[in-house]
Amino acid sequence: MKLEVLGTGCAKCKKLVELTRQAATEMGIPDEILKVEKIDDIVNYGVMITPALVINGTVVAAGRLPEKEEIKTWIRKNIQ
Amino acid sequence: MLAVVADWVTYSLLSLTPHSLFAGAVNFFIYDSLKIVLLLMIIIFAISIVRSFLPPEKIRSILSHEKQYTGNLLAALLGIVTPFCSCSAVPLFLGFLRAGIPLGVTFSFLVASPMINEVALVLLVGLFGWRIALLYVVSGLAIAIVSGIVIGKLRVENLLKDFVFANKGAAPEFSRDMSWNDRIQYARGYTLEILKKVWLYILFGVGVGAWIHGYVPANFLAAYAGGSTWYAVPLATLIGIPLYSNAAGVIPLVSALTEKGVAMGTTLSFMMAVTALSLPEFMILKTVMKTKLIVLFAGIVGLGIMFTGYMFNLILK
């Protein structure tokens, strides 16, 4: 599974990386979280307000900090 | 009703002597803080609900079908409901331009979005009343629309960094279906987030304001910052630029200064400069535009703000 966090380094972006890591670890998923910080790459995902979470190339959340449980739901959907 | 609570805390709970300077300042502080925090909760919540219907992708798709003038007007209006933080300025800017939204229309959005935000709005309503708040919104919209049209007419696309258009093409759309439950969750979360961020500044600002209200003689500042002092407006605008992150603390302070003789137009210029012209945002914008364009942008918006200040100093005598 490919987990990416898009953000230019704001406090919320770091928080999202942390939350995603926790969610993945708690679910026993060893994947690394890719931090996408280049503006060009962020915009290419169609995201205009950071932070955003991308799972397997699909933006699942943008412009807000989702709950850890939400992140788990998205990961679960992508496992199946 | 709030006045009753404030009176009760001041005179019964703290048993301060009525009519003393100290009691007056305390009463003012309690009343204003309560009023502003309540207003903030209600208004931020309401705006967040509206906002959940208008994510930036939707705004982009609305604006990409608009041309000049109507595009500028719509961009400025939509800027009101968009949350703005300088860390989003660049991705928004790029996202808009690559979707084919004209540069001038994008600038109208970029000016209105931070200038007319819900925190400033609440503080204006709470401390100055509806009339001044409305003046602020209307002139803010006018400045955003006019500066966007001017920048559009100047045809300064060459002042953007080359990579801006290097990667043109429709950005992928992603849908976010929200139920009413999601919207309420989102609005509640956002309201709490903003309150957490600004409450300390507000208490500080209202506190200093209350002190000024109680202790500084009326009209003390009239000689320096009254309507007839020509340099007050540009000076207020300049001072406002580096104060961006503290809008929540600055407005209560300024409202107290207005009581002591600072002219209303000067006050409005100052608040507009605080919210619309921000040094950190300029630094961030350097990744997408040349310095010349940033100076041009700041200059045009700054002129608009000063014009507004002088105009209201003349009208609101």
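The text that follows walks through the structure, step by step, so that each part is easy to find. (Residues numbered from 1 in each chain as written. Chains lettered and ligands numbered in written order. Predicted model: local features only at pLDDT ≥ 70, side-chain atom pairs only at ≥ 80, totals over all residues. Heavy atoms only, no water.)

Details of the overall build of chain B
When helices and strands are tallied, chain B shows 15 helices and zero strands. Taking 2.2 N^0.38 as the reference for a compact globule, 317 residues should give roughly 20 Å; the C-alpha atoms of chain B span a radius of gyration of 21 Å, in line with that estimate. Overall size of chain B, expressed as C-alpha extent along the three principal axes, is 70 × 50 × 30 Å. A total of 317 residues make up chain B; the buried ones form 54% of that total. Residue pairs at least 24 apart in sequence account for 84% of intrachain contacts in chain B once pairs closer than 6 positions are excluded. On chain B, roughly 14500 Å² of surface is accessible, and the fraction owed to carbon and sulfur atoms is 71%. Separation between the mean location of the 21 positive side-chain charges and that of the 13 negative ones in chain B comes to 7 Å. (Helix = DSSP H or I, 4+ residues; strand = E, 2+ residues; numbered from the N terminus. Rg over C-alpha atoms; globule rule 2.2 N^0.38 Å. Buried < 20%, exposed > 50% of the residue type's maximum accessible area, 1.4 Å probe, protein only. Contact = heavy atoms within 4.5 Å. Areas by Shrake-Rupley, 256 points an atom, 1.4 Å probe, with all protein chains shown as cover. Lys, Arg positive; Asp, Glu negative; His and termini not counted. Charge placed at Lys NZ, Arg CZ, Asp CG, Glu CD.)

What about the pairing of strand S2 (residues 33–36) of chain A?
All names here are of chain A. In terms of strand pairing, strand S1 (residues 3–6) meets S2 through four bridges, oriented parallel. Each residue of the ladder has a partner; that of Val5, found in S2, is Lys35. Handedness of the crossover joining S1 and S2 through helix H1 (residues 11–26) is recorded here as right-handed. (Pairing = 2+ DSSP bridges. Right-handed = clockwise from strand over helix to strand, strands pointing away.)

As for the layout of surface pockets
The gaps of empty space that remain are located by a probe, the size of a water molecule, rolled over the atoms. All names here are of chain B. What the second largest pocket holds in volume is close to 330 Å³. In this structure, the second largest pocket is lined by 15 residues; those nearest its centre are Ala225, Ala236, Ile239, Val262 and Thr266. Contributions of two or more residues to the lining of the second largest pocket are made by helix H10 (222–225), helix H11 (232–240), helix H12 (247–259) and helix H13 (264–276). Per-element accounting of the lining of the second largest pocket gives the leading share, four residues, to H11. The class makeup of the residues in the lining of the second largest pocket is 13 nonpolar, two polar and no charged. (1 Å grid on protein atoms, 1.4 Å probe; cavity = no way out; pocket = protein on both sides within 12 Å on 5 of 7 lines; lining within 4 Å. Points joined across faces, edges and corners; volume = space filled by probe spheres on them. Nonpolar A, V, L, I, M, F, W, Y, C, P; charged D, E, K, R; others polar.)

A short note on the packing of helix H2 (residues 21–53) of chain B against helix H9 (residues 180–215) of chain B
Residues and elements named next belong to chain B. Where H2 meets H9, the axes come as close as 7 Å, and the angle between the chain directions of the two elements is 155°. Compared by their axis directions, H2 and H9 come out roughly antiparallel. Note that H2 runs across H9; the crossing there is right-handed. Tallied by class, the residues present in the contact of H2 with H9 amount to 25 nonpolar, eight polar and four charged. (Axes fitted to C-alpha atoms, helices over the stretch in contact; angles between N-to-C directions. Parallel < 35°, antiparallel > 145°, perpendicular 65-115°, else oblique. Left-handed = near helix turned anticlockwise from the far one by under 90°.)

Some thoughts on the packing of aromatic side chains
All names here are of chain B. Taken as a whole, this structure holds seven aromatic pairs over all chains when the rule is applied. Residues Phe107 and Phe297 carry aromatic rings whose centres are separated by 4.9 Å and whose planes lie at 40° to one another, so their mutual orientation is tilted. Of this pair, Phe107 sits in helix H6 (residues 103–115) while Phe297 sits in helix H15 (residues 291–315), and the two are 190 residues apart along the sequence. Classification of Phe297 as buried rests on a relative accessible area of 1%. Here the aromatic rings of Tyr186 and Tyr190 are separated by 6.2 Å at their centres, their planes lie at 20°, and the arrangement is stacked. On the criterion of helical spacing, the pair formed by Tyr186 and Tyr190 is a turn pair, its members being four residues apart in helix H9. Through pairs of rings, three or more aromatic residues link up here, namely Phe93, Phe107, Phe282 and Phe297. The aromatic ring of Trp180 is capped on one face by Arg183, whose charged end is 6.0 Å from the ring centroid. (Phe/Tyr/Trp six-rings, centres within 6.5 Å; stacked < 30°, edge-to-face > 60°. Lys NZ or Arg CZ within 6 Å of the ring centre and 35° of its normal.)

Read these as layout, nothing more, since geometry by itself doesn't imply function.
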